[in-house]
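Working through the structure, step by step
Chain by chain, the residues:
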Amino acid sequence: MPDIQPLTHNAAALEFLLTRRSRPAKTLTTPVPSREELLPILTAAARSPDHGKLEPWRFIVLEKPALTRLAMLAEARGQAMGLDEVQVQKGVDQFANGNLAIAVVEIIKPNEKVPAVEITYSAGAACLQLLNAALASGWGANWLSGWASHDRDFVAQGLGLADDERIAGLIHIGTEKTVPPERPRPDLEAVTTWVSE
């Protein structure tokens, strides 16, 4: 039987979580992580909580040429959907201005023991793990969605998603140009209830 090592206090990890801050995607530039550098980040994301061991997510790594193609598709889809010019451009810019993004794809896997919402939670957890692993690796990173990621035709044409798949998030990764200022955080007292009996 293998030795079980007790958990120990990891001050560095806790300090990271207490001070982590997403970097706005529009401030990210090159260089971006190589495929080799992405492997530990993806490995960390794949260690997300997963009720039933369903693995209800997968990753699509989008490099610059793919992002350029998706920007053109976003423009065509936005116009076909009748979105206003500002909305269309916002959808285009999300891809056109990126240099590397990872689409976290939720795979809908009906299971009588696992509520559907927990599958969605697991995909969201994978997004957060991916985001934090990228930040912990020294890269700037941001979790986005946007109208295009919720448009069935866009994700089917652009990413090849099946009918039982949807985008949980797009994690943009790169080198930060500027460090963002700290933003207001929730009032812990207002969002915490202590129950002792």
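Residues numbered from 1 in each chain as written. Predicted model: local features only at pLDDT ≥ 70, side-chain atom pairs only at ≥ 80, totals over all residues. Heavy atoms only, no water.

A closer look at helix α3 (residues 64–80)
Taking 1.5 Å of rise per residue, 17 residues should cover 24 Å, and α3 covers 24 Å from first to last C-alpha, within 8% of that figure. For α3, the full list of buried residues reads A66, L67, L70, A71, L73, A74, R77 and G78. Its buried side turned inward, α3 meets β2 (57–63), α4 (85–96), β3 (100–107) and α6 (152–159). Just downstream of α3 lies G82, where phi reads positive at about 80°. (Helix = DSSP H or I, 4+ residues; strand = E, 2+ residues; numbered from the N terminus. Expected span 1.5 Å × (residues − 1). Buried < 20%, exposed > 50% of the residue type's maximum accessible area, 1.4 Å probe, protein only. Contact = heavy atoms within 4.5 Å.)

Remarks on the packing of aromatic side chains
Applying the stated criterion to the full structure yields two aromatic pairs. Measuring from ring centre to ring centre gives 5.9 Å for W57 and F59, while their planes differ by 20°; the resulting arrangement is stacked. For W57, a relative accessible area of 9% translates into the label buried. For F59, a relative accessible area of 23% translates into the label partly exposed. Judged by centre distance (5.4 Å) and plane angle (35°), the rings of F95 and F154 are tilted. In this pair, F95 is assigned in helix α4 and F154 in helix α6, connecting sequence segments 59 residues apart. (Phe/Tyr/Trp six-rings, centres within 6.5 Å; stacked < 30°, edge-to-face > 60°.)

That's the geometry; what it means functionally is another story.
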